[in-house]
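In case you want the letters, here they are:
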Amino acid sequence: MSLPQPALDHAVIHVGAQLDDAATLFRHLGFQLTERGHHSLGSSNHLAVFDANYLELLGYEPERGNHRRDLWSSPVGLSGLVWKTDDADAVYQHLQRQQLAESPPASFFRPVTLPDGSELEARFRTVRLHSNRVPNGRSFFCQHLTPDAVWQQAWQVHPNGVTQIREFVIAADRPDQAAEVYLQLFPSVAPEEKEGGERVINAGAVRLRLINPETAKEEFGNLPEDYNGTARMVALSLHSTSLEQVKKSLSQGGIPFHEDRHRVRVDAQHAFQLALHFTE
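Residues numbered from 1 in each chain as written. Predicted model: local features only at pLDDT ≥ 70, side-chain atom pairs only at ≥ 80, totals over all residues. Heavy atoms only, no water.

Caption draft 1: Region of interest: the pattern of salt bridges. Inspection of every chain in the model, using the stated rule, returns 16 salt bridges. The salt bridge involving Glu167 is made with Arg207; its shortest N-O contact spans 2.5 Å. Note that Glu167 is positioned in strand 9 (residues 162–171) and Arg207 in strand 12 (residues 206–211), a separation of 40 residues in sequence. Here Arg265 ties to Asp267 by a salt bridge, and the two come within 2.7 Å at their closest N and O atoms. One network of salt bridges, with partners in common, ties together Glu167, Glu198, Arg207, Arg209 and Glu219. (Salt bridge = Lys/Arg side-chain N within 4 Å of Asp/Glu carboxyl O. Helix = DSSP H or I, 4+ residues; strand = E, 2+ residues; numbered from the N terminus.)

This is the structure in C-alpha cells:
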C-alpha cells in the first residue's frame, strides 16, 4: 500500500464560544466567510475557502457547547493541522502500523446552502493522530465525500486577495523533536534541516515549519502569554494576489499591521491568537 503524502487540507482556528466575535474579526481581516454551519457532532463553523485549502473558524453555540468537549481543551487560536486524504480507512491502517492511531475513522456531516440557493449535505470522514503526540491541538486527515460543498468558486474570492495558505508554523523549544511525529507519519518525506533546529516539511504548495521560540518571536511577534515551550501552532503565511488589497482590507477593518517590501504581518493579539503573514 502506498504511504500517505503530506498535503494540507485546512487549518483549524479554535474560537470556542466566540464564533460571532471571531467571524466579525476575520471579515475585518479581509476574508469572505461562509454562512455558519452546524456539524452533526455538535460543533459549528465558518470557512474562508481558498484554491486548494481553507481556514476553519471552529466553535460552538451556547446551547450546543456540551457536545464534543474534547475539541475545546486546546488553547484558543490555531489548533488544527489537517491533511488531505481520499481514503480514511487506508490512513487509519497506516496510523495503526506507525502506532499513531487514536480511534477508527469518524463520519459526520453539516447542511450547506450553496451560492445558487440549493441545499446539500457536506459529508466527511476523518481519522486523527493520537492526542498524546500532538500537544496543544489536533492533527488529523480529512476525506471530503462532497468536495463541491466546500470548494465553491463564489466563496473563493476575498477582499484581501488571499488565494492559498502557504506556510503552517509550529513553535517549540525543540523543533527537531516536535517534527518527529510528522516524520513518523510521512516516512517517505525528508525534512529540510536549518539553523536553530528548524525543520521544514514540504506539503505540496504548503510548507510545515517547526521553529524555535526565538525565531517565532522575530518573525511573527509575541507568542501567546501561556506558551510553555511545548509544540504550539502559532502562525500562518497566506498568499495574496495584492498586498495593496491586504493593506486596504486591514485599514478598513481597523486592524493594526506591520509591513515591509515583501509582506504584511498581523500580530497574534489582533487575529485570535494567530499571527498572520500575507505575501505575494
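Caption draft 2: Unusual backbone geometry, seen in detail. The phi dihedral of Asn136 falls on the positive side, at around 65°, and the residue is not glycine. Tracing the backbone through its elements, the reader meets Asn136 in the loop between strand 7 (119–128) and strand 8 (138–144). Residue Asn136 is classed as partly exposed on the basis of its relative accessible area of 23%. Its identity is not glycine, yet Phe272 carries a phi of approximately 60°, on the positive side. By secondary structure assignment, the location of Phe272 is in the loop between strand 15 (263–266) and strand 16 (275–279). (Buried < 20%, exposed > 50% of the residue type's maximum accessible area, 1.4 Å probe, protein only.)

Caption draft 3: Highlighting the sheet that holds strand 4 (residues 54–59). Pairing within the open sheet is mixed, and its eight strands lie in the order 2-3-4-1-5-8-7-6. Each edge of the open sheet carries a strand with a single partner, namely strand 2 (37–38) and strand 6 (106–113). Pairing between strand 7 and strand 8: five bridges, direction antiparallel. Residue pairing across strands places Phe124 opposite His144, the latter belonging to strand 8. Along the sheet, helix 1 (residues 19–28) contacts strand 1 (8–16), strand 3 (44–49) and strand 4; its crossing angle with strand 4, the most-contacted strand, is approximately 155°. Here helix 2 (residues 88–97) sits on the sheet and contacts strand 7 and strand 8; the angle it forms with strand 7, its principal contact strand, is near 15°. (Pairing = 2+ DSSP bridges. Contact = heavy atoms within 4.5 Å. Axes fitted to C-alpha atoms, helices over the stretch in contact; angles between N-to-C directions.)

Caption draft 4: Spatial organisation of the sheet that holds strand 16. Spatially, the eight strands line up as an open sheet ordered 10-11-12-9-13-16-15-14, and their pairing is mixed. Single-partner strands in this sheet number two, and they are strand 10 (192–193) and strand 14 (258–259). Of the pairings in the sheet, the one linking strand 15 to strand 16 comprises four bridges and is antiparallel in character. Counterpart to Val264 in the pairing with strand 16 is Phe278. The sheet strands contacting helix 5 (residues 213–220) are strand 9, strand 12, strand 13 (232–240), strand 15 and strand 16, and the helix crosses strand 12 at an angle near 125°. Here helix 6 (residues 243–253) sits on the sheet and contacts strand 13, strand 14, strand 15 and strand 16; the angle it forms with strand 15, its principal contact strand, is near 25°.

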